[in-house]
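Given next are the chains, with one letter for each unit.
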Amino acid sequence: MKKILLLAGVLLSLALIGACVNKNAAGDKIKIGVYMPLTGGTATFGISSTNAIRMATEELNAAGGINGKQVELVVQDTRSEAQEAATVVSKLVTQDQVQAVIGEVGSSRSIAAAPICQTNKIPMLTPSSTNPEVTQKGDYIFRSCFTDPVQGEAIAKFAFNNLKVKRGALLIDKKNDYSVGLGKFISDSFKKLGGEIVVEQAYQEGDSDFNGQLTAIKGSNPEVIFVPGYYTEVGLIAQQARKQGITAPLVGGDGW
């Protein structure tokens, strides 16, 4: 309930910003675009986020909306693809004429879509894109979550100080801005603490066989395996690691 109320507050703030900067809000409704991965590799993430946004909107409208205006959501599916994110946001801005945009959950897709919102001066808020580059796209781009430098340092400290490990392995999604960025911050922070990354391996979103990478990791005998990726692949990685007899703990970030 606290999360829903927080989202309702964020939704209200974003809508008010959008209403102030866009004359299209002069009607009886305030239109907010939502672009999320409703299909594809991170669909579960996008569906749950969209459901929360719908719940917050229903509560907001039931309480009278914003200055008597009802909030109308226009939802688009990015299909978990960066290019599709840019395409649907262009549609939301130019055709649907939304006053503000919420999305995306993935940093790669937010990075692809943010310049469109910035150029058109449409406020964009991402609830979970943690790559620092997202909000560097302009002053109309916002986030309501922490950034990868923050969680990267926290992850490294947890491994070094709480798990008492010094030899780490890094397994990243090489095509994902979130994974690559978070992996770098984990690695840099872990090394500053006195730890060592003894091996680094990579995979790609959609892969299902990680035995090759895990064999290489096992041969380096790490005490911890950092996997800054999404839950879809991480579940399979964990299963295959244990089948190979790897007992080192797996540690990751908010994508889990």
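See the structure shown above.
Cut-offs and rules
- Residues numbered from 1 in each chain as written.
- Predicted model: local features only at pLDDT ≥ 70, side-chain atom pairs only at ≥ 80, totals over all residues.
- Heavy atoms only, no water.
- Helix = DSSP H or I, 4+ residues; strand = E, 2+ residues; numbered from the N terminus.
- Expected span 1.5 Å × (residues − 1).
- Buried < 20%, exposed > 50% of the residue type's maximum accessible area, 1.4 Å probe, protein only.
- Arc of directions from axis to C-beta.
- Contact = heavy atoms within 4.5 Å.
- Pairing = 2+ DSSP bridges.
- Salt bridge = Lys/Arg side-chain N within 4 Å of Asp/Glu carboxyl O.
- Core = buried A, V, L, I, M, F, W, Y, C linked by side-chain atoms within 4.5 Å.
- Axes fitted to C-alpha atoms, helices over the stretch in contact; angles between N-to-C directions.
- Parallel < 35°, antiparallel > 145°, perpendicular 65-115°, else oblique.
- Left-handed = near helix turned anticlockwise from the far one by under 90°.
- Nonpolar A, V, L, I, M, F, W, Y, C, P; charged D, E, K, R; others polar.
- Polar contact = N/O pair within 3.5 Å; in protein donor to acceptor, adjacent residues only side chain to side chain.

Undergrad: Got a sec to walk through helix 8 (residues 231-243)? Specific residues and values, please.
TA: With 13 residues, helix 8 ought to run about 18 Å at 1.5 Å a step, and its terminal C-alpha atoms sit 18 Å apart, in line with that. Looking only at helix 8, the buried set comprises Glu233, Val234, Ile237, Gln240 and Ala241. An end-on view of helix 8 places all buried positions within 135° of arc, on one side of the element. Residues of helix 8 that are buried make contact with strand 6 (167-173), strand 7 (196-203), helix 7 (211-219) and strand 9 (250-251). Two residues or fewer after helix 8 comes glycine 245, characterised by a positive phi angle close to 85°.

Undergrad: Provide a residue-level description of the sheet that holds strand 8 (residues 224-226), including the pertinent values.
TA: Strand order in the open sheet formed by four strands is 7-6-8-9, with parallel pairing between adjacent strands. Where the open sheet ends on each side, the last strands, each with one partner, are strand 7 and strand 9. Of the pairings in the sheet, the one linking strand 6 to strand 8 comprises three bridges and is parallel in character. What sits directly across from leucine 170, in strand 8, is phenylalanine 226.

Undergrad: If you had to explain the pattern of salt bridges to someone new, which residues and values would you point to?
TA: Evaluation of the coordinates by the stated rule reveals eight salt bridges. Ionic pairing is found between arginine 79 and glutamate 84, a salt bridge with its closest N-O pair at 3.0 Å. For glutamate 84, a relative accessible area of 17% corresponds to the buried category. Two residues, glutamate 104 and arginine 109, come together in a salt bridge whose shortest N-O distance is 3.0 Å. For arginine 109, a relative accessible area of 4% gives the class buried. One salt-bridge network, in which partners are shared between bridges, spans Arg79, Glu81 and Glu84.

Undergrad: Any details on the nonpolar core? Residues and values, ideally.
TA: Among soluble globular proteins, nonpolar side chains are generally buried collectively. Among the nonpolar cores identified, the biggest contains 27 residues, and Met36, Ile102, Ile155, Phe190 and Phe226 are the most heavily contacted of them. Among the elements of the structure, strand 1 (29-36), helix 2 (43-62), helix 5 (148-162), strand 6, helix 6 (177-193) and strand 8 are those that each provide at least two residues to this core. Grouped together as the second largest cluster of nonpolar side chains are 19 residues, Val88, Val93, Ala113 and Ile122 included.

Undergrad: Describe the packing of helix 5 against helix 6, naming the residues involved and giving the relevant values.
TA: Across the interface, helix 5 lies against helix 6 with an axial gap of 8 Å and an inter-helix angle of 45°. Taken as axis vectors, helix 5 and helix 6 run oblique relative to one another. For the element pair helix 5 and helix 6, the recorded crossing hand is right-handed. Contacts from Asp148, Pro149, Gln151, Gly152, Glu153, Ile155, Ala156, Lys157, Ala159 and Phe160 in helix 5 reach Tyr178, Leu182, Phe185, Ile186, Ser189, Phe190 and Leu193 in helix 6. Residue composition of the contact of helix 5 with helix 6, grouped by class: eleven nonpolar, three polar and three charged.

Undergrad: Break down the side chain of serine 80 for me, citing the residues and quoting the values.
TA: Looking at the element boundaries, serine 80 is found in the loop between strand 2 (70-77) and helix 3 (82-94). Accessibility expressed as a relative area gives 11% for serine 80, which makes it buried. Here threonine 39 takes part through its backbone oxygen, which lies 2.8 Å from a polar atom of the side chain of serine 80. Engagement of the side chain of serine 80 in a polar contact is seen with the backbone nitrogen of threonine 42, the distance being 3.2 Å. Non-local contacts of serine 80, meaning those with residues more than four positions away in its chain, are made with Pro37, Thr39, Gly40, Gly41, Thr42, Ala43, Arg109 and Glu205.

Undergrad: Can you tell me about helix 7, naming the residues and giving the values?
TA: Taken together, the buried positions of helix 7 are occupied by Gln213, Leu214 and Ile217. All buried residues of helix 7 lie within an arc of 95° about the axis, which places them on one face of the element. In this structure, helix 7 carries Gly212 and Gly219 as exposed residues pointing more than 90 degrees from its buried face. Buried-residue contacts for helix 7 involve strand 6, strand 7, strand 8 and helix 8. One or two steps after helix 7, the chain reaches asparagine 221, where phi turns positive at roughly 50°.

Undergrad: Talk me through the side chain of asparagine 131; I want residue IDs and the actual numbers.
TA: Along the chain, the position of asparagine 131 falls in the loop between strand 4 (124-126) and strand 5 (141-143). In terms of polar contacts, asparagine 131 uses its side chain to reach the backbone amide nitrogen of glutamate 133, at 2.9 Å. Beyond its immediate chain neighbours, meaning those up to four positions away, asparagine 131 contacts Ser107, Ile111, Arg143, Asp148, Asp177, Tyr178 and Gly181.

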